[in-house]
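# Structural overview
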Amino acid sequence: MEKVRIENLKSGMKLARTIYSPEGLVLVRVDAEITESIIAKLKQLGLPAAYISTKDGDMIPEPVSELTRVDLIRSLSKLDNEVRSGQNANLLASKRPLYDLVDEIVCNNKNLVGITDVRLRKDYIYGHSVNVSIIAVKIGILMGYNQLKLADLAVGALFHDLGMTKIPLEILDKTSGLTDDEVKLIHAHPEEGYNILKQNQGISASSAHVAYQHHERYNGTGYPRGMAGDAIHEFARIAAVADVYDSM
Ligand SMILES: [Fe+2]
């Protein structure tokens, strides 16, 4: 399997991973043969690259079921709209598929290869959040966490960027450089996310701290508070690794 940039896709290539729309719907299913019309559609949607099968049998299975992933992406998309329109965010609606996610990863613990996903631009934060949650849970399993701890970690990792819902879409969609004020606004997203999460009963303080501290760095160079070492919550340190890994 290899990642091929959209401009280098050719008819007849075979897709090695399913491509989803921003709403979580399947656009092109794994194993489909690439056609000129599919290439045109993907270009139009702004997809940067796709995973292509290089030989028979090298498809890497999805780490979680399509149903769970789509469920989570949909709930995050809904949540984003709720926060942006000033409604109370119903975080608990996302928790059931999240427990399914933890169960699936625990029962079906594959290695980390193949977790990273190619996403459409608009869908980036939702797809990324699901991936961060998956990777964080896998790290949690390696660290010997029990199911309860894994669920708390999964919740925190899934909502780590919830504060981004407080940033106007014009800024998120900007392709040119950001002004100092815009950078300040983006740097406030960990605290904004924490504030939303801590108001929700059913979300633990540990989960909320993932949002607050996921941009802190072990050597103290992160933000918003420049915390260092073990002062950073272990969940947040795990989520930070997962966040960077999935962004590579
Ligand atoms: Fe973030």
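What counts and how
Residues numbered from 1 in each chain as written. Predicted model: local features only at pLDDT ≥ 70, side-chain atom pairs only at ≥ 80, totals over all residues. Heavy atoms only, no water. Donors = N, O, S within 2.8 Å, 3.2 Å for Na, K, Ca; no water. Tetrahedral: all angles 85-135°; square planar, octahedral: opposite > 155°, others 65-115°. Helix = DSSP H or I, 4+ residues; strand = E, 2+ residues; numbered from the N terminus. Buried < 20%, exposed > 50% of the residue type's maximum accessible area, 1.4 Å probe, protein only. Contact = heavy atoms within 4.5 Å. Phe/Tyr/Trp six-rings, centres within 6.5 Å; stacked < 30°, edge-to-face > 60°. Salt bridge = Lys/Arg side-chain N within 4 Å of Asp/Glu carboxyl O. Core = buried A, V, L, I, M, F, W, Y, C linked by side-chain atoms within 4.5 Å. Axes fitted to C-alpha atoms, helices over the stretch in contact; angles between N-to-C directions. Parallel < 35°, antiparallel > 145°, perpendicular 65-115°, else oblique. Left-handed = near helix turned anticlockwise from the far one by under 90°. Nonpolar A, V, L, I, M, F, W, Y, C, P; charged D, E, K, R; others polar. pLDDT = per-residue confidence, 0-100.

Let us now look at the coordination of the iron ion. Surrounding the iron ion are the protein donor atoms Asp161 (OD), His189 (NE2), His214 (NE2) and His215 (NE2), which sit 2.1 to 2.3 Å from the metal. Geometry at the iron ion is irregular, judged from its four donor atoms and the angles of 84 to 175° they form at the metal. As a motif over one chain, the donors of the iron ion read D-x27-H-x24-H-H. One end of the pair, aspartate 161, is in the loop between helix H5 (147–158) and helix H6 (169–172); the other, histidine 189, is in helix H8 (residues 189–198), with 28 residues separating them in the sequence. Classification of aspartate 161 as buried rests on a relative accessible area of 10%.

Quick look at helix H9 (residues 205–213) now. Where H9 is concerned, the buried positions are Ser207, Ala208, Val210, Ala211, Tyr212 and Gln213. Taken together, the buried residues of H9 touch H5, H8 and helix H10 (234–247).

Counted under the stated rule, the structure contains two aromatic pairs. With a centroid separation of 5.7 Å and 45° between ring planes, the pair formed by tyrosine 145 and phenylalanine 235 is classed as tilted. Highlighted residues: tyrosine 145 in the loop between helix H4 (124–142) and H5 and phenylalanine 235 in helix H10, separated in sequence by 90 residues. Residue tyrosine 145 is classed as buried on the basis of its relative accessible area, which comes to 9%.

For the structure shown, the criterion picks out four salt bridges. The partner of aspartate 230 in a salt bridge is arginine 237, with the nearest N and O atoms 3.5 Å apart.

Take the nonpolar core next. Formed by 40 residues in total, the largest nonpolar core has its most connected members in Leu101, Val130, Phe159 and Leu197. Elements represented by at least two residues in this core include exactly helix H2 (66–84), helix H3 (95–107), H4, H5, H8, H9 and H10. Top element by residues in this core is H4. It accounts for eight residues. Residues Ile6, Leu9, Leu47 and Ile52 belong to the second largest nonpolar core, which totals 13 residues.

Helix packing geometry: the angle between the two helix axes and the distance between the axes. One way to put it is that H8 packs onto H9 with a least axis distance of 7 Å and a crossing angle of 165°. Looking at the two axes, H8 sits roughly antiparallel to H9. H9 is crossed by H8, and the crossing has right-handed handedness. Taking contact as the criterion, the partners of Pro190, Glu191, Gly193, Tyr194, Leu197 and Lys198 in H8 are, on H9, Ser207, Ala208, His209, Ala211 and Tyr212. Of the residues contributing to the contact of H8 with H9, the split by class is six nonpolar, three polar and two charged.

So, about the confidence of the model for the protein chain. A low pLDDT means the predicted coordinates there should not be read in detail. In the predicted model, the protein chain carries a mean pLDDT of 81, and the fraction of residues at 70 or more is 83%. Put simply, H3 is where the protein chain has its lowest mean pLDDT, 71, and H9 is where it has its highest, 95. Counting interchain partners and residues more than four positions distant, the pLDDT-below-50 stretch residues 110–121 has 46 contacts.

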